[in-house]
Amino acid sequence: MFRLARRDIRRNLPRFVLAVLVIAITVGAGTAVDVLWRSAEVSDAGYAQRTLGDSAAARVQWWGDEVQQQTPRADAGITAGADAPVTAVETRLQDLLPSDTRLLKTHTGVVVLRSGASLTDGMVALQGPLTDPLLNGVIDIWQGRLPDTRGEVSVSRTVAERLDLSVGDPFEGSADSADRMTSLTLVGIHENNPLGFDIALAEASLLVEGSSYLDGARPVWFVDGAPMGWSGVLALNDAGFVTISRDVVLDPPAATDVPMYRDGAAVEADARLGVAILVTVAVLVGGTLVALLIGPVFAIGARQSRRDYGLLAAQGATGRDIVGVMLRSTFIVAVIGSVIGVLLGVTVAGVVVAVAQSAGSTAFPNLIVPGIDLVLLLAFGVFVALVAARGPARRAAQEDPVASLRDTAEVTDREPRTRGVLIVVLSALTIALLVVTAVTGVRVWLLLVGPLATIVLILAVRGLLPVLSRIARHTPTPERIAIRDTARRADRTIPTITGIAAAVALAVAVSVVTATQYATAAAEWHPRAATGTVMIYDGFYTDSSGSENPFETSSSESSAGAESTVTGAEQRARIANVLAEFLPGTELIDVDMLSLNGDAFPRLLIDPDTECPVWADFTEEYNQYNASSPDQDGRADVNGMNCLIDKPLSDINKQPTWDSTDHTNLVVDDGTLVTGLGLPGAEEAAQALRSGQIVLTRPIDLWPDGTAHLGIMEDDHDGLTQWREQLDQARDRGENFYENPPEPITIDTLIADAIVMDWPSQQWAAFIPPEMLSEKPFSDHGPVVERVGMIATATTVLAETEVDELRGRLLLLGVHHVATARDYVNAGLSTALTTLTVSAALIALTATIGTARIALTDMRRDLRVLRDVGAPRGSRRRISGFTTLIVGVLGSVTGSLAGIILGVTIAASIAADAVVEKGAWALTVPWLPILLITIATPLVATVIMALRDTNGDD
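Residues numbered from 1 in each chain as written. Predicted model: local features only at pLDDT ≥ 70, side-chain atom pairs only at ≥ 80, totals over all residues. Heavy atoms only, no water.

A closer look at the overall build of the protein
- Across its full length, the protein carries 29 helices and 23 strands.
- Each of the 954 residues in the protein was classed as buried or not, and the buried ones make up 51%.
- At a minimum sequence separation of 6, the contacts of the protein that also span at least 24 residues come to 81%. (Helix = DSSP H or I, 4+ residues; strand = E, 2+ residues; numbered from the N terminus. Buried < 20%, exposed > 50% of the residue type's maximum accessible area, 1.4 Å probe, protein only. Contact = heavy atoms within 4.5 Å.)

The following block contains the structure:
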């Protein structure tokens, strides 16, 4: 049998070479996507390397005199606690570790750098003996060397590019105030590391340790000694330390052993469910597309070999023998194609990762080649090829040998009724699954909808072929021949359309899923103002603004919060003049916020009859640790601490925040500021303020009668005293204490008409008209309007380098921090998603050409006859090209529709529940890329086929 199979391959080598190509592309696509998907996440080994370097057993930092909680990687935690002297903290750490453990103390902090006119801020720095062997690999030098002498610095590639620095350049830096800059020398440029540090400083360069741990630069100890297990990390947590342990990162504990996971079993269940969903997606969607893509190769191949199989039958071969020959030849081709595909996929993914890393991108932090996945992908390719070939092989074995030898088999559709029934049944099942999903809310059912809808679309395409015959009469002769042959030879046309549709569906589905992922991330980036607006956090205005700035003091004042030594008008004019150089015609608008005298503070109150959103309700988790809770089955009070609907939790646009000394961001505005902010509905908001209404920025804050309730609050001092006593008693007993502190007390409430502007930025809580402050009860509590900064309107967006230069200029006028309002940008995510989408599009194009070429080999005899009877070469090209165009258009349109359905259902299935409940999930269909794929795929394939298949000799 294998000898006959090898002869069959040699006799039909061009067809089998194309079959190898299609299988290799299909398996290669799966391999490349799998490797790239895994490489986009930091592996355990990669995380250990990026945070600990090559040698350290652990990295320890203290966060306060309380019990801390952390994840195994320490990439999230719950920290709190009182301060303590650094020496006491270090002694406590040494006592908790084995006596032979070596501790290497470094310091971290935030610094500012200035090179020429450019000034950066918020750069995270590590200062210490960087050449010590224990720190090998912590700073991965790209150019130059590690800093060794005071004043020597290494910066990341991104910072070097931002400040236009090269090794050997002098520049300046500071850790407290830009008026006290220190001269520095750049001796190295290191690789970008989102888990590491922007700046690496030699000892005693900039960061200064304070008298207490939380005052000044923070010590971070790198530990050299025996591996530290999870029990050791927990012991350090109890003493206030958060630890990254190499042993724990490489061998994480079970979720049930992590106190931070309040329900470890649920965490593990979610992880298993996530893996199950991904596997299901791969099996259902990938299996469907691969089978549809590979199947046409063998369907057409069986038709082309029907005379050969007829000869075998005439010589006494049984149907089983014919099936055996086909399956063996398929096995040989599938193994070769799958091996090439796996190697091709790994190579492509490796090149993508290498190019990204060489460019300094962190989109693919490490190349992960999962061996077990590659074996499964190879076996999957062979298995699908055998399954796809079995049907055509059985049909070939059942054909009448005489008809096969005469090549007179019927080509009309023999089973229209069966196909129609199948379409109806599958459509009904698809609709039923959609209904089940809508009723139950379980989106996993959508995984079945995509593949079913794809099959329905492909089955329905056959009904379009008779329409082609009617169109043919209105076209020139070559095109008419191509159209009628396409419609007449459904046994060749339909498999070709199916293969093209599967390839295009893959590319479109990848585009929809990746675009949705990016849009969903962007949906949690909430702008504070119209794009380009300059936001000025002005240090000499108030103490509260200074506390949020990267400098402790102003360059023009002795301390933040002091009044300006020049008049407000003069200082304002100077700031406006500098801004006008960068943004001509800009308008400078103050940001004023509300504070109250004494112990009282303002707070928006929500209607207590409003239910806390499900995603924000932490009552269940709270009750697990507090048996004394009076209402074990109740929902969280919407105004209470267990209802976590705070905007910072859903806003990834993290910047310094304007707030008052009461730590609220209730803005006092007559409409001028909201107009300048330029957010959607700004004019309506300004009109409401001018009419005396409050402008809310969360719908949940509006009461049913259209009012807002501004509470005047005071802390429950007696309750806080009792709570602290309970906390101290629990600490003395060595117990954890999870009770919430008592809620503040509402001592008075102002009720006013309000409207809602849905501005989700954490910066804006509400806007209050100035005249409201003279009304009772506010007037009884000494309302204070604090000027905390300014905005400068803009019609253009300043480049990052321009913002750095502007920041440097304004710093000389006492401005502590400057930022611009920008749209969401994630270079790493964008690179990863673009790479996956482009790769899928190239795969679709290559698979389309390969599938179409296999079909056109079936036309060789017809093209040869046309050549022999003298048909012009141009006519043969037109026939070949138009045939490709027809099947290409039908396949690409069908594939695009199927891909959109697949992409939408996959994206909906894998979306996180919390993201969907918050309304952040942003289903996105990238119409432009889809149109390009749909249009370009058949056109490019048509041109290639028209240029090559003209004689029928190949």
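Quick word on the pattern of salt bridges
- According to the stated counting rule, one finds 16 salt bridges in the structure shown.
- Where Asp132 meets Arg102, a salt bridge forms, and the shortest distance between an N and an O atom there is 2.5 Å. Of this pair, Asp132 sits in the loop between strand E6 (123–127) and strand E7 (141–144) while Arg102 sits in strand E4 (residues 102–115), placing them 30 residues apart in sequence.
- By relative accessible area, Arg102 is classed as partly exposed at 34%.
- Look at the salt bridges and you will find they share partners, linking Arg162, Glu800, Asp804 and Arg807 into a network. (Salt bridge = Lys/Arg side-chain N within 4 Å of Asp/Glu carboxyl O.)

Examining a nonpolar patch on the surface
- Taken together, the side chains of Val436, Val442, Val444, Trp445 and Leu448 present a nonpolar region at the surface, about 350 Å² in accessible area.
- Mapped onto the elements of the fold, Val442 is located in the loop between helix H13 (416–440) and helix H14 (446–461).
- The partly exposed category is assigned to Val442, whose relative accessible area is 38%. (Patch = residues over 30% accessible without salt bridge, like charges linked within 9 Å, V, L, I, M, F, W, Y side chains within 5 Å. Areas by Shrake-Rupley, 256 points an atom, 1.4 Å probe, with all protein chains shown as cover.)

A look at the nonpolar core
- Judged by nonpolar contacts, the single largest core of 26 residues is most densely connected at Val591, Trp658, Leu673, Leu677, Val695, Trp764 and Phe767.
- No other element matches the four residues that helix H22 (residues 682–690) contributes to this core.
- Leaving out residues up to four positions away in the same chain, Val695 has contacts with Ala685, Ala688, Leu689, Ile755, Met757, Ala766 and Phe767. (Core = buried A, V, L, I, M, F, W, Y, C linked by side-chain atoms within 4.5 Å.)

Section: unusual backbone geometry
- Here Lys776 and Pro777 are connected by a cis peptide whose omega angle stands at 5°.
- The topology assignment puts Pro777 in the loop between strand E21 (766–768) and strand E22 (783–792).

Side note on the side chain of Arg246
- The residue Arg246 is located in helix H7 (residues 246–250) in this model.
- One buried charge, Arg246, has no salt-bridge partner; the nearest side chain with opposite charge is Asp54, at 6.4 Å.
- In this structure the side chain of Arg246 is engaged in a polar contact, spanning 3.0 Å, whose partner is the backbone oxygen of Gly53.
- In this structure Arg246 touches Ala48, Leu52, Gly53, Asp54, Ser55, Ala56 and Ala57, once residues within four positions along its chain are discounted. (Lys, Arg positive; Asp, Glu negative; His and termini not counted. Polar contact = N/O pair within 3.5 Å; in protein donor to acceptor, adjacent residues only side chain to side chain.)

Section: helix H6 (residues 230–238)
- All of the buried residues in H6 are Trp230, Val233, Leu236 and Asn237. Seen along its axis, H6 keeps its buried residues to an arc of 120°; they face one direction. Facing away from the buried surface of H6 by more than 90 degrees, the exposed residues are Ser231 and Asp238.
- On its buried face, H6 is in contact with strand E1 (58–62), strand E2 (69–70), helix H4 (86–96), strand E13 (241–245) and H7.
- Residue Gly240 follows H6 closely and has a positive phi angle near 100°. (Arc of directions from axis to C-beta.)

Overview of the pairing of E13
- Most of E13 is tucked away: five of the five residues are buried.
- Alternating residues of E13 divide into Phe241, Thr243 and Ser245 and Val242 and Ile244, and every residue in both groups is buried.
- Relative to E13, E1 is paired through five bridges, and the arrangement is antiparallel. Bridge pairing links Arg59 to Ile244 in E13. (Pairing = 2+ DSSP bridges.)

Regarding H4
- Here H4 has its buried residues at Val86, Val89, Glu90 and Leu93. All buried residues of H4 project into a common sector of 95° when viewed along the axis, lining one side. For H4, the exposed residues set more than 90 degrees away from the buried face come down to Thr87 and Asp95.
- Where H4 is buried, its residues contact E1, E4, strand E12 (218–224), H6 and E13.

What to know about the confidence of the model for the protein
- Summary statistics for the protein give a mean pLDDT of 80 and a share of 78% for residues scoring 70 or more.
- Low pLDDT (under 50) marks residues 408–414, which in the prediction has eleven contacts with non-local residues, meaning those over four places away or in another chain. (pLDDT = per-residue confidence, 0-100.)

Some thoughts on the packing of aromatic side chains
- Scanning the entire structure with this criterion turns up seven aromatic pairs.
- Chaining the aromatic ring pairs together yields one cluster made of Trp658, Trp759, Trp764 and Phe767.
- Over the ring of Trp142 we find Arg157; its NZ or CZ atom is 3.9 Å from the centre of that ring. (Phe/Tyr/Trp six-rings, centres within 6.5 Å; stacked < 30°, edge-to-face > 60°. Lys NZ or Arg CZ within 6 Å of the ring centre and 35° of its normal.)

With respect to the state of the cysteines
- Scanning the entire structure with this criterion turns up one disulfide.
- Paired through a disulfide, Cys612 and Cys643 show a sulfur-sulfur distance of 2.2 Å. Every disulfide takes its handedness from the sign of the S-S torsion; for Cys612 and Cys643 that torsion is 100°, giving right-handed. Taken together, the residues span a long stretch of sequence, with Cys612 in the loop between strand E16 (601–605) and helix H20 (619–625) and Cys643 in the loop between H20 and strand E17 (666–668) at a distance of 31 residues. Both residues of the pair, Cys612 and Cys643, count as buried. (Disulfide = S-S within 2.5 Å.)

Notes on the environment of Gly420
- Tracing the backbone through its elements, the reader meets Gly420 in helix H13.
- As a C-alpha pair, Gly420 and Val456 span 36 residues in sequence and 9.9 Å in three-dimensional space.

Quick look at the environment of Ala160
- Counting through the fold element by element, Ala160 comes out in helix H5 (residues 157–163).
- On a C-alpha basis, the gap between Ala160 and His190 in space is 9.2 Å, while along the polypeptide they are 30 residues apart.
- What Ala160 contacts, discounting residues up to four positions off in sequence, is Val155, Leu165 and Ile189.

Looking at the environment of Val797
- With respect to the helices and strands, the residue Val797 is situated in the loop between E22 and helix H24 (800–811).
- In this structure Val797 comes out as partly exposed when scored by relative accessible area, which is 43%.
- Apart from residues no more than four positions distant in its own chain, Val797 is found in contact with Thr531, Gly532, Glu802 and Arg822.

Some thoughts on the pairing of E12
- Burial analysis of E12 places five of its seven residues in the buried class, which makes it a mostly covered element.
- Both E1 and E12 contribute to a ladder of three bridges, which runs antiparallel. Along E12, the bridge assignment pairs Val60 with Trp221.
- Bridge count between E4 and E12: seven bridges; the pairing is antiparallel. Paired with Lys105 across the strands is Trp221, a residue of E12.

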